[in-house]
Amino acid sequence: GLRQYAEIRIRQTRHYNFLNGRCGEVDYVRARAAAAVILSESLRQKAVQWEQLNGVVHAVTASLFPEKAAELLQQEARKLFSGHAVEISLNKADGAANPVTDWIRNSNQNILITDMANDFRFSEIAHRVSFSSFIGAPIRENGAPAGVISVSDRTPSVFDMDHLRLLSKFSEIAAVILRNADIYEKT
């Protein structure tokens, strides 16, 4: 009796371990499937953004005058980064630039700030600005900054490198469009 009981318990333990291992495999497969869904959604969102960027080119190239092109670029940037504050500051018509925009113009570099209060470059002025998250890119003409495009939000950690890459491509397109409009106006 005791030996049979021990053998039954050993078989039960083996079955339990076997089933437990299979449950672990099922959990792993479920986690991988969930990660694949998240990746798929992320890729879908990026495809939509790049399609919107393509739409920017078609919408803005219809204008041949710099002022109108800049206005259309501003409108398209607001669509592309909807829900966030978007600013295009051209050197010719420079308004009230913020210190980060000045930094972009002076350094001629893109910038990503996830939390203004914790960014060592701007910690002294964090209390003077109305945003926490920020991305910006220079609009370059012949390698020199001809303006700056920036997107900001009051909430920290809103932007990541994908947003900055998208903005950088937008600034490259904006530079070409503004250059072409300027050439047309001069002609």
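Residues numbered from 1 in each chain as written. Predicted model: local features only at pLDDT ≥ 70, side-chain atom pairs only at ≥ 80, totals over all residues. Heavy atoms only, no water.

Peer 1: Can you explain the packing of helix α2 (residues 66–80) against helix α4 (residues 161–186)? Please cite residues and give values.
Peer 2: One can describe the packing of α2 onto α4 by two numbers: an axis separation of 9 Å at closest approach and a directional angle of 165 degrees. Considering their axes alone, α2 and α4 lie roughly antiparallel with respect to each other. Viewed along their axes, α2 and α4 form a crossing whose handedness is right-handed. Residues Pro-66, Glu-67, Ala-69, Ala-70, Leu-73, Glu-76, Ala-77 and Leu-80 of α2 touch α4, and the partners they reach there are Leu-166, Phe-170, Ala-174, Ile-177, Leu-178, Ala-181, Asp-182 and Glu-185. Across the contact of α2 with α4, the residue classes break down as 12 nonpolar, no polar and four charged. (Axes fitted to C-alpha atoms, helices over the stretch in contact; angles between N-to-C directions. Helix = DSSP H or I, 4+ residues; strand = E, 2+ residues; numbered from the N terminus. Parallel < 35°, antiparallel > 145°, perpendicular 65-115°, else oblique. Left-handed = near helix turned anticlockwise from the far one by under 90°. Contact = heavy atoms within 4.5 Å. Nonpolar A, V, L, I, M, F, W, Y, C, P; charged D, E, K, R; others polar.)

Peer 1: Break down the confidence of the model for the protein for me, citing the residues and quoting the values.
Peer 2: Here the protein shows a mean pLDDT of 82. Residues at 70 or above account for 89%. Within the protein, strand β2 (residues 111–113) carries the highest mean pLDDT (94), whereas helix α1 (residues 2–60) carries the lowest (76). (pLDDT = per-residue confidence, 0-100.)

Peer 1: An account of α2 is needed here, citing residue identities and associated values.
Peer 2: Here α2 contains 15 residues, and its C-alpha end-to-end distance of 20 Å stays within 8% of the 21 Å for a straight helix at 1.5 Å per residue. Within the sequence span of α2, burial applies to Pro-66, Ala-69, Ala-70, Leu-72, Leu-73, Gln-74, Glu-76, Ala-77 and Leu-80. (Expected span 1.5 Å × (residues − 1). Buried < 20%, exposed > 50% of the residue type's maximum accessible area, 1.4 Å probe, protein only.)

Peer 1: Please set out the environment of Leu-90 residue by residue, giving values where relevant.
Peer 2: Residue position: Leu-90 is located in strand β1 (residues 85–90). For the pair Leu-90 and Pro-138, spaced 48 residues apart in sequence, the C-alpha to C-alpha distance is 9.6 Å. Not counting chain neighbours up to four residues away, the residues in contact with Leu-90 comprise Ala-70, Ile-139, Ala-146, Gly-147 and Leu-178.

Peer 1: Pulling in residues and values, what's your account of the packing of aromatic side chains?
Peer 2: Think of a pair of aromatic rings as described by two things: how far the centres are apart, and how the planes are tilted against each other in angle. Under the defined criterion, the tally for this structure stands at two aromatic pairs. Ring centres 6.2 Å apart and planes at 80 degrees place the aromatic pair Trp-103 and Phe-122 in the edge-to-face group. In this pair, Trp-103 is assigned in helix α3 (residues 99–107) and Phe-122 in the loop between β2 and β3 (133–141), connecting sequence segments 19 residues apart. Note on Phe-122: relative accessible area 6%, which makes it buried. Over the face of the ring belonging to Trp-103 we find Arg-121, whose NZ or CZ atom lies 5.6 Å from the ring centre. (Phe/Tyr/Trp six-rings, centres within 6.5 Å; stacked < 30°, edge-to-face > 60°. Lys NZ or Arg CZ within 6 Å of the ring centre and 35° of its normal.)

Peer 1: I'd like a description of the nonpolar core, backed by residues and values.
Peer 2: Residues Phe-81, Ile-139 and Ile-149 are the most contacted members of the largest nonpolar core, which totals 25 residues. Element by element, the count of residues in this core is highest for α4, at 10 residues. Apart from residues lying up to four places away in sequence, Phe-81 is in contact with Val-86, Ile-135, Val-151, His-163, Leu-166 and Leu-167. If you look at the next biggest cluster of nonpolar residues, it comprises 12 residues, including Ile-113, Met-116, Ile-125 and Val-148. (Core = buried A, V, L, I, M, F, W, Y, C linked by side-chain atoms within 4.5 Å.)

Peer 1: Tell me about the pattern of salt bridges, and name the residues and values.
Peer 2: One pass over the full model with this rule turns up five salt bridges. For Asp-102, the salt bridge identified is with Arg-105, shortest N-O distance 3.6 Å. Taken together, the positions of Asp-102 and Arg-105, both in helix α3 and three residues apart, correspond to about one turn of that helix. Overall, the relative accessible area of 14% leaves Arg-105 in the buried class. Among the salt bridges present, the one from Glu-172 reaches Lys-169, with a minimum N-O distance of 3.4 Å. Of this pair, Glu-172 and Lys-169 both sit in helix α4, three residues apart, roughly one helical turn. Judged by its relative accessible area of 37%, Lys-169 falls in the partly exposed class. (Salt bridge = Lys/Arg side-chain N within 4 Å of Asp/Glu carboxyl O.)

Peer 1: I'd love a proper account of unusual backbone geometry, names of residues and values included.
Peer 2: Even without glycine at this site, Asn-108 takes up a positive phi of about 60 degrees. Here Asn-108 shows up in the loop between α3 and β2. Even without being a glycine, Asn-142 presents a positive backbone phi close to 55 degrees. Within the secondary structure, Asn-142 is located in the loop between β3 and β4 (144–153).

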